[in-house]
Amino acid sequence: MKRQGGRIDSFFIKRSKSGTDQTGFSSDISSPGSLCPENSHEKESLANTNPPSPVPSKEESENTESSAPDQDDDEPEGAIAGDTTDLFSAVSSTPFAFPKGPSDISKSKEQGPVQPSLTNFPRTQHGTRKRTFHSSWYKDYSWLEYSVIKDSSYCFACRHFSLPNAPDSVFASHSGFSNWKKALSKESGFKLHSKLEHHVNAMYAWSQYKRANEGNTTMLNSINTNRKKVVEENRYYIKTIADVLLLTATQNIAQRGHRESGDSRNKGNFLAILDEIAKHDQLIEKKLRGCANAKYTSHQIQNEILQGLAEMVQTEIIKEVKECEVFSVIADETKDLQKKEQMSLVVRYYYNGVIHESFLCFQAAESLNAAGLSAMIISCLEKHGLDYRNNLVGQGYDGASVMSGKHSGVSARIQSNARFAFYVHCNAHCLNLVLVDATKAVPEVVDFFALLQQLHNFVSGSYVHLRWLDVQKELYPAEQPRELQALSDTRWACRYTACRTMRDRLPAVLRLLQDIALERNGERTVEARGLLLQIDIQFLGLLVTFCKVLGDAKCLSDMLQSSTLDLARAVDLVGALIDTFQDYRNEKYFDELWKEVEELAEKSKISVKIDRRNPRLSSKFLDSLVMSTIGQRKCDDEGFPRPLFNQVLDCLIAELKRRFSKKNCEIMQGVQSLNPKSATFLNEEPLIAFGHIFESDLDDLKHEVHQIRRLLDQRIKSDLGTPSTLLDFILFLEPYKEVLHELFRLCKIAVVSPVSTASCERSFSALKLIKSYLRTTMADARLSHIGTLSIESRRARGLNMDDFVTYFASSHNNRRILLL
């Protein structure tokens, strides 16, 4: 057979009938060796770039392999088109087709040759001997692969990298080469196949392919590497911006300045912090000094980043709420410095063994009627995908008529859509109302607090205040000067601080009044004398009394404001306070209190005895024997009326019982039946009524109550601890929540029922820090997002910034930098 002469580049050249050569490639590509710049002057071996010269072929009929057919001068036009620069590109541009062969050898060029090493290969009869394939041949012929199914060998290079017009070869056929007798013959088998032109071309294409993959020198890999580097730099830059905004939000620092231009001396905290970072980070400096429309520092981008961070925090909260299933809402409203009504919305739920009260958002209240407020709450719950119709089990408000109205209030309107959403009056507000009503019922107490306020006002004057500081430095040189506290009209429990300060600094107050009373200074002197005369033993008695009473009330108030407190525990705390006040009414406690009054009077140099004139009888009683006085309070010899002390306690006890008496409420009775400290713990009657309200399966609930009683009895017999609170009880039930489903659900309802609106009050404190006098023009959306990051700072600091950049890249529409 006549072999076509020439080298591998003859494949890329087509000859016209006129005999002139025409090529589809650039004129400087004449051979595979010229594809690489370093081979322009000298040839290299096949292992480098240039394939070896082919050897003459001969017929392989006895080797079961055919040589390439004769080719005339009129070579058909190749199947490869385009600006191909190397043989590998020419081969890879051919239409894709699965190579021939059995299923247990390579299916793609990425897979590489399949070279199994068997202990015993199958033996085949060849002439008088049985012959077999040897795994040692793999070392000499790297292109060789073996099929166990066919017991045949194949050429990996020819199967995957042959040129389109390459001749058929038995090493690339379906049956493969299996004549093991002639496998290593010099003029047949593996050695002959290694010298054939189409195999040399395929090996060369394979080597190019491996070079491209191993060295990452292809243009695609180069582009991908550069793009990956740009994306990493951009993501790092956006993460830095987000970190700065997150820092300012969680620390309640203003982000923007009055003027943020490049020549401004005060561009605001956000840009100032970025400039400081740029001094130590070249990448940040390059980005900030780069293209003006891709700095990502404008207020619009700041709003988008803050929104993305806040939404990630809210998503985490909503995920926890949905896992808990049941939840409650707590809402309250206040005015910001822009005179806008801002409503704070908090959700209360049980998750991972802890009661959570998580802030959701601020919303500007356009209308303050019940319809508008209820619509705002429902729209917010729907926006976050919460099933309030079936899973909302409680509402907590401050007791205003627009919120607590039984017929058309916010609570009634929401309950008409969510049948389980029962209203709970804030217990902290109830305690405040107890103190207000109890003190207003006793005239002497009203006068006492009025005198306290007058003393604060008098000492707060500029001249008197300087004298007040000097007196304290003289009497208490080792202590810091203290200020008299103003009385709060809304938080009566905080009046404990005012009473305690007055008790501790009473000698200094008296010294100050005496000094000013001796001055000839008109109104100030008259006012000081008037205040001095009113500080008597009765004032001291009430001062010591309210230090005790308000101290206990403040302790309860602080506990009621805890976000982890449940209703059952709140009822226990109120009951404990009532018992404490009842214990104060005995003679022993009054004697101890009177000793404290005497000590304070001695320290303040106030007489314990009060000089009282005998009251003159009316002329109508001159001829009568008066057995008792009418309309006059009888005092003890010491001057402080014991009935006054008891009257204060009785008013407090009566108001506590009236405000916190919920024995007739089926929900409170059900909550108490789940409280291990309650006398009705696991009592079926209130528990079944509780389950009926929330549509539990009552038959299952009865069986579950029976089973939990047996579990608790076993723990008692085994000397193991039993739950002491409602939260301990739900933690005890959690391992059995699949079996005791109804009981566990009722316990979750009990613990997520709101106790107070203190979480909303705390969010108002953050609101004042965020929307300060210098930031009153802040938009409502930005205020809500910063509020979420500030109040839920623990969650915000734990955000994964890589996830945030991905979230921001997917939500940001006009992206000018690559982030994905």
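Residues numbered from 1 in each chain as written. Predicted model: local features only at pLDDT ≥ 70, side-chain atom pairs only at ≥ 80, totals over all residues. Heavy atoms only, no water.

A. Main features of the overall build of the chain. Looking only at helices and strands, the chain features 32 helices and 11 strands. Residue pairs at least 24 apart in sequence account for 70% of intrachain contacts in the chain once pairs closer than 6 positions are excluded. Looking at the chain as shown, the accessible area adds up to about 43000 Å², and 49% of this sits on carbon and sulfur atoms. (Helix = DSSP H or I, 4+ residues; strand = E, 2+ residues; numbered from the N terminus. Contact = heavy atoms within 4.5 Å. Areas by Shrake-Rupley, 256 points an atom, 1.4 Å probe, with all protein chains shown as cover.)

B. Region of the structure containing the sheet that holds strand β11 (residues 422-425). The five strands are arranged β9-β8-β7-β10-β11 in an open sheet whose pairing can be described as mixed. Only two strands of the sheet have a single neighbouring strand rather than two, namely β9 (354-364) and β11. Across the sheet, the mean angle separating the axes of adjacent strands is 25° when strand polarity is ignored. Summarising the sheet, strand β10 (residues 392-397) and β11 pair through four bridges and their orientation is parallel. When the bridges of β11 are listed, Tyr397 appears paired with His425. Of the strands in this sheet, β7 (327-335), β8 (341-351) and β9 touch helix α29 (residues 758-770), which is tilted by about 40° from β7. (Pairing = 2+ DSSP bridges. Axes fitted to C-alpha atoms, helices over the stretch in contact; angles between N-to-C directions.)

C. A look at the pattern of salt bridges. Across all of its chains, the model carries 26 salt bridges by this definition. Linking Glu145 and Arg159 is a salt bridge whose minimum nitrogen-to-oxygen distance equals 2.8 Å. One end of the pair, Glu145, is in strand β5 (residues 144-147); the other, Arg159, is in helix α3 (residues 156-161), with 14 residues separating them in the sequence. Measuring nitrogen to oxygen at the nearest pair gives 3.1 Å for the salt bridge that ties Lys554 to Asp558. Of this pair, Lys554 and Asp558 are both found in helix α20 (residues 537-560), four residues apart, which corresponds to roughly one turn of the helix. Residue Lys554 is classed as partly exposed on the basis of its relative accessible area, which comes to 24%. You can call Asp558 partly exposed: its relative accessible area is 42%. Taken together, the salt bridges that share partners define one network made up of Glu316, Glu320, Glu792 and Arg795. (Salt bridge = Lys/Arg side-chain N within 4 Å of Asp/Glu carboxyl O. Buried < 20%, exposed > 50% of the residue type's maximum accessible area, 1.4 Å probe, protein only.)

D. Structural detail: the nonpolar core. Membership of the largest hydrophobic core comes to 186 residues, with the highest contact counts inside it found for Phe327, Phe449, Phe539, Leu674, Phe729 and Phe804. Top element by residues in this core is α20. It accounts for 13 residues. With sequence-adjacent residues up to four places away left out, Leu674 is seen in contact with Phe681, Leu687, Phe690, Leu726, Phe729, Leu743, Leu746, Cys747 and Ala750. (Core = buried A, V, L, I, M, F, W, Y, C linked by side-chain atoms within 4.5 Å.)

E. Summary view of the packing of helix α27 (residues 726-733) against helix α28 (residues 741-752). Across the interface, α27 lies against α28 with an axial gap of 10 Å and an inter-helix angle of 150°. Looking at the two axes, α27 sits roughly antiparallel to α28. Pair α27 / α28 crosses with left-handed handedness. Contact residues: α27 offers Leu726, Phe729, Ile730 and Leu733, while α28 offers Leu743, Phe744, Cys747, Lys748, Ala750 and Val751. Looking at the contact of α27 with α28 residue by residue, the class counts come to nine nonpolar, no polar and one charged. (Parallel < 35°, antiparallel > 145°, perpendicular 65-115°, else oblique. Left-handed = near helix turned anticlockwise from the far one by under 90°. Nonpolar A, V, L, I, M, F, W, Y, C, P; charged D, E, K, R; others polar.)

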